[in-house]
Amino acid sequence: MTVFVIRRLMQAALVVLIMSLLVFGGVFLVGDPVEMLVADDADQAEREAIIKSMGLDLPFYIQYLRFIGNALQGDMGNSFVFQESAMHLIAERMPATFELAFAALFIAVVFGIPLGIYAGLNANSWISKTIMTTSILGFSLPTFWVGIMMILFFAVIMGWLPSSGRGETVDVFGIQLSLFTLDGLSHVCLPAVNLALFKLSMVIRLARAGTREVVHQDYIKFARAKGLSDTRIIGVHLFKNIMIPVVTVLGLEFGGLVAFSVVTETVFAWPGMGKLLIDSINFLDRPVIVAYLMFVVVLFVVINLIVDVLYSVLDPRVRLQEMKS
Amino acid sequence: MSAVQENADHGRAGHSQSAVEVETPFRRFVADYMENKIAVFGAISVFVVVLIALFGPLIAPTDPYDLASVTFMDNKLEPGEQMGNGVTAVLGTDGLGRDMVSAMIYGLRISLGVGIGSGIIALLIGVTFGLCAAYFGGKVDTVIMRIVDIQLSFPAILVALVLLATLGKGIDKIIIALVVVQWAYYARTVRGSALVERRREYIEAATCLGLSKRRVIFRHMLPNCLPPLIVVATMQVAHAISLEATLSFLGLGLPVTEPSLGLLIANGFEYIMSGLYWISVYPGLALLFTIVTINLVGDRLRDVLNPRLQK
């Protein structure tokens, strides 16, 4: 077991290292940051002074090694635009994005599982067919267009909900959250539903597939034969067993939610990390782009690592197979 | 699932009674496909969409990119109003005075072109790597599949974002990004079916005949791996079109001079707050129609080509 975990940790570290090289190398090629920093009327000497002070005259590999050295100490450089630590900027925006992602996850689970179970139990009713057709739409519709349509309907035509920003926030343990004020909640509604649609469709399909498999199992028949009520069979016996694939996939997909929030945040002007990334790309703000990407890489690697290790705890075959190869 | 099978069985029985001609695999495939009316509608719609894209310049009422004929005087006309040159703007005009119908037809050309083009290139690359991984096995397989695994563990949109942030704007750049995002899906799909085919007798027979490796892989193994590949390719084209639209919306895909459907929607987004809904609603509906119909075809193909659902 320990060997397995150590091997996985080393693999994860290797992936992070390779990705850091790709990200840094890629962003290294983008535009000329000096253009952004120097005043238009600066002369050659001033330009060179700035290039030198930032170490941009050094060869690529030295710049990369410097970057790695600093990154290991948690320093990703200063933003060219905000003149602030890039890590700090990201940390500042992180709560907004995570809040949105969790709200979306919550919506996907709370609505997706009951709908999926219903569709699985009554496969031939017209309600189930409607649910399943709608879930295909949820997969096919481009998120950003649905977002725009939601703004058009709920904000412009009906005027029920605000279309942009985060609204009033409250301080919870030093983190600004908008889920606990009425104004904030009304702001989070549209973006969260928008971000949730794709995952909602997925949860519905997973729950339906799981239900259709589980209802034919012997333990369900036995529970029926024992005379348990339907509520108990569905709520306990069935529910527990369909949750295994749902939880796995949702765990893995949390990173996807954070990544996809780039789109939702842009549509709803939600001040999170994703919007920061798009703004930074437009301003060629290298340190922030690199910092964001490295943050997401680490997030993904950690999630995958946790899932892998949990799997091997639950299913010894996984790690035995790994040992053999 | 059983309902589908019953349906298909029933259909096949009915078909063989009425059919006088010999039942070839292709005819059976077409007959199976026709069972589902919605899928037939999907196939016809995709055909029409492709026709519109192909003959776009002949159908479009005006040339939206001909600066001489587009005048700013026509900007933000409501659907049904008449433009300065006498043509009725059935779906209105955008912020620059371009007829929406024409702009959408030209946008569709770009969206479909990028989607199908990147799909074909990704297919060629992915299939080559996937087949090699399955045929040679061992180290080749491990290395290729590790790369595929790592890439698939990151969401497509993020990989594409990073690439476009570094590459810049342009049709060629967005095709590169979409190819990089998609090849892994093809590689994984084709490897899965190729691993099964590799152990079949006909591959052994072909090898014993002394055929070259390339011939065995591409002429013997590949044709037998096609069915799942066709399904994945259909779905991936829809996915690529949607992804391209999203990237263009974020301002990272195409240059403003060549607006795809996604960029048209993005342009209309500015005006949505003032209630000028048509500039982003109609291109969106066109995009939606394209993606959903392609998915309908893909869904049906999966049912028809899946051996588990057949007798």
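Remember, it's a predicted structure, so these values are computed and weren't measured experimentally.

Peer 1: So what exactly am I meant to see when it comes to the overall build of chain A here?
Peer 2: Helices and strands together make up the secondary structure of chain A, namely 13 helices and two strands. In chain A, the share of contacts with a sequence separation of at least 24, taken over all contacts with a separation of at least 6, comes to 70%.

Peer 1: Hey, could you run me through the overall build of chain B in this one?
Peer 2: What chain B contains, in helices and strands, is 12 helices and zero strands. Counting from the amino terminus, helix and strand elements in chain B follow one another as α-α-α-α-α-α-α-α-α-α-α-α. Split into buried and exposed, the 311 residues of chain B put 45% on the buried side. For chain B, the share of sequence-separated contacts (at least 6 apart) that also reach a separation of at least 24 residues comes to 67%.

Peer 1: Explain the interface of chain A and chain B to me, please; I cannot follow it from the model alone.
Peer 2: Counting from both sides, the interface comprises 31 residues of chain A and, opposite them, 31 residues of chain B. Of all the secondary structure elements, the ones that give two or more residues to the side of chain A that touches chain B are helix H1 (2–28), helix H6 (126–140), helix H7 (143–157), helix H10 (230–268), helix H11 (273–283) and helix H12 (286–314) of chain A. The element that contributes the greatest number of residues to the side of chain A that touches chain B is H7(A), accounting for seven residues.

Peer 1: Explanation requested: helix H5 (residues 86–121) of chain A in the structure shown.
Peer 2: Given 3.6 residues per helical turn, the α-helix brings residues three or four places apart onto the same face. The first and last C-alpha atoms of H5(A) sit 51 Å apart over 36 residues, in line with the 52 Å expected at 1.5 Å per residue. Along H5(A), the sharpest kink reaches roughly 35°, centred on Arg93(A) and followed within four residues by the proline Pro95(A).

Peer 1: Can you walk me through the confidence of the model for chain B in this structure?
Peer 2: A low pLDDT score tells you not to read the predicted coordinates there in detail. Residues and elements named next belong to chain B. The predicted model of chain B averages 80 in pLDDT, with 85% of residues at 70 or higher. Mean pLDDT values for the elements of chain B range from 46 in helix H1 (residues 2–18) up to 89 in helix H5 (residues 100–136). Here residues 1–17 scores under 50 on pLDDT; set against residues more than four positions off or in separate chains, the count is 12 contacts. Across the interface, the model reports ipTM at 0.78; the global pTM reads 0.81.

Peer 1: How do you make sense of unusual backbone geometry when you look at a structure like this?
Peer 2: It is generally the case that most residues other than glycine have a negative phi and that most peptide bonds are trans. Positive phi, normally seen in glycine, also occurs at Ala269(A), with a value near 50°. Locating Ala269(A) in the fold gives a position in the loop between H10 and H11.

Peer 1: Would you take a moment to explain the environment of Leu185(A) for this structure?
Peer 2: All names here are of chain A. Inspection of the secondary structure puts Leu-185 in helix H8 (residues 182–214). Residue class for Leu-185 comes out partly exposed when judged on the 15 C-beta atoms lying within 10 Å of it. Leu-185 sits 19 residues away from Arg-166 along the chain, and the two C-alpha atoms are 8.7 Å apart.

Peer 1: Which parts of the structure should I look at to understand the environment of Gly69(A)?
Peer 2: Within the secondary structure, Gly69(A) is located in helix H4 (residues 60–72). For the pair Gly69(A) and Ile234(A), spaced 165 residues apart in sequence, the C-alpha separation works out to 54 Å.

Peer 1: Any chance you could explain the confidence of the model for chain A here in plain terms?
Peer 2: Here chain A averages 80 in pLDDT, while 88% of its residues score no lower than 70. H5(A) holds the highest mean pLDDT among the elements of chain A, 87, whereas helix H13 (residues 316–324) of chain A holds the lowest, 62.

Peer 1: Mind showing me how you'd approach the environment of Thr133(A) here?
Peer 2: Structurally, Thr133(A) can be placed in helix H6. Residues Thr133(A) and Ser201(A) lie 68 residues apart in sequence; the distance between their C-alpha atoms is 9.8 Å.

Peer 1: Is there a simple way to explain the packing of H5(B) against helix H6 (residues 138–152) of chain B in this structure?
Peer 2: The axes of two packed helices give the description: the angle between them and the distance between them. Residues and elements named next belong to chain B. Remark: H5 packs on H6, axes separated minimally by 7 Å, with the N-to-C direction vectors making an angle of 145°. Between H5 and H6 lies a crossing of left-handed hand. Listed contacts from H6 to Phe-129, Cys-132, Ala-133 and Phe-136 of H5 are Gly-138, Val-140, Asp-141, Ile-144 and Met-145. Split into classes, the residues belonging to the contact of H5 with H6 amount to seven nonpolar, one polar and one charged.

Here is what the cut-offs are and how they apply
Residues numbered from 1 in each chain as written. Chains lettered and ligands numbered in written order. Predicted model: local features only at pLDDT ≥ 70, side-chain atom pairs only at ≥ 80, totals over all residues. Helix = DSSP H or I, 4+ residues; strand = E, 2+ residues; numbered from the N terminus. Contact = placed C-beta atoms within 7 Å. Buried ≥ 20, exposed ≤ 12 C-beta atoms within 10 Å, placed from the backbone. Expected span 1.5 Å × (residues − 1). Bend = angle between axes of the 7 residues up to and from the residue. pLDDT = per-residue confidence, 0-100. Axes fitted to C-alpha atoms, helices over the stretch in contact; angles between N-to-C directions. Left-handed = near helix turned anticlockwise from the far one by under 90°. Nonpolar A, V, L, I, M, F, W, Y, C, P; charged D, E, K, R; others polar.

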